[in-house]
Amino acid sequence: MSEALEMTTFRLVPGLTGADFVKANEDIDAYLRGRPGFRWRRILDDGGTITDIVAWDSAADARRSAAGITTEMAGSPVHATIDHTTVDFRIVPVLHQVTA
């Protein structure tokens, strides 16, 4: 199995909400949909800590896309919503999965 999850946790800039973050991601969502290997994305808000999970066909697909978020998409409004001192970013291969 070569599937990988890109998992990022962070806090938002004070005064912003999860809904603000989702709205600021419209261009990022479009970017992800066009990337090779993209499967799905989920954004969670756990009491002010945002968890952003993106599933990819492979870790290589995830790494290529992540590089584009900071280069091609450097002008996205999403970057201004994140407290960058709180970011924890990982790309993790999927070891096992169970489906319905």
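Just above, that's the structure.
### Some points on the packing of helix 2 (residues 26–33) against helix 3 (residues 59–70)
And step 1. For the pair helix 2 and helix 3, the least separation of the axes is 11 Å and the interaxial angle reads 145 degrees. The handedness of the crossing between helix 2 and helix 3 comes out as right-handed. Residues I28, Y31 and L32 of helix 2 lie in contact with helix 3, whose contacting residues are R64, S65, G68 and I69.
And step 2. Partitioning the contact of helix 2 with helix 3 into residue classes produces four nonpolar, two polar and one charged.

### Regarding the sheet that holds strand 2 (residues 38–46)
Paired through backbone hydrogen bonds, the strands of a sheet run either parallel or antiparallel to each other.
And step 1. Across the sheet, which stays open at both edges, the four strands sit in the order 2-3-1-4 with antiparallel pairing between neighbours. With one partner strand each, in any of the chains shown, strand 2 and strand 4 (82–93) form the two edges of the open sheet. Across the sheet, the mean angle from the axis of one strand to that of its neighbour is 15 degrees, orientation sign disregarded.
And step 2. Note: strand 1 (residues 4–12) against strand 4, eight bridges, orientation antiparallel. Within strand 4, the residue paired with R11 across the bridge is D83.
And step 3. Along the sheet, helix 2 contacts strand 2 and strand 3 (49–56); its crossing angle with strand 2, the most-contacted strand, is approximately 150 degrees.
And step 4. The strands touched by helix 3 are strand 1, strand 3 and strand 4; relative to strand 4, the strand with the most contacts, the crossing angle is about 155 degrees.

### So, the packing of aromatic side chains
And step 1. Under the defined criterion, the tally for this structure stands at two aromatic pairs.
And step 2. Taking the centre distance of 5.6 Å and the plane angle of 70 degrees together, the rings of F38 and W56 count as edge-to-face. Placement of F38 in strand 2 and of W56 in strand 3 is noted, with a sequence separation of 18 residues between them.
And step 3. The exposure class of F38 is partly exposed, given its relative accessible area of 23%.

### Here we look at the side chain of T81
And step 1. Here T81 lies in the loop between helix 3 and strand 4.
And step 2. A distance of 2.6 Å separates the side chain of T81 from the backbone oxygen of V78, its partner in a polar contact.
And step 3. Residue contacts for T81: discarding those within four places in its chain leaves L12, V13, L16, F21 and A24.

Conventions and cut-offs
- Residues numbered from 1 in each chain as written.
- Predicted model: local features only at pLDDT ≥ 70, side-chain atom pairs only at ≥ 80, totals over all residues.
- Heavy atoms only, no water.
- Axes fitted to C-alpha atoms, helices over the stretch in contact; angles between N-to-C directions.
- Helix = DSSP H or I, 4+ residues; strand = E, 2+ residues; numbered from the N terminus.
- Left-handed = near helix turned anticlockwise from the far one by under 90°.
- Contact = heavy atoms within 4.5 Å.
- Nonpolar A, V, L, I, M, F, W, Y, C, P; charged D, E, K, R; others polar.
- Pairing = 2+ DSSP bridges.
- Phe/Tyr/Trp six-rings, centres within 6.5 Å; stacked < 30°, edge-to-face > 60°.
- Buried < 20%, exposed > 50% of the residue type's maximum accessible area, 1.4 Å probe, protein only.
- Polar contact = N/O pair within 3.5 Å; in protein donor to acceptor, adjacent residues only side chain to side chain.

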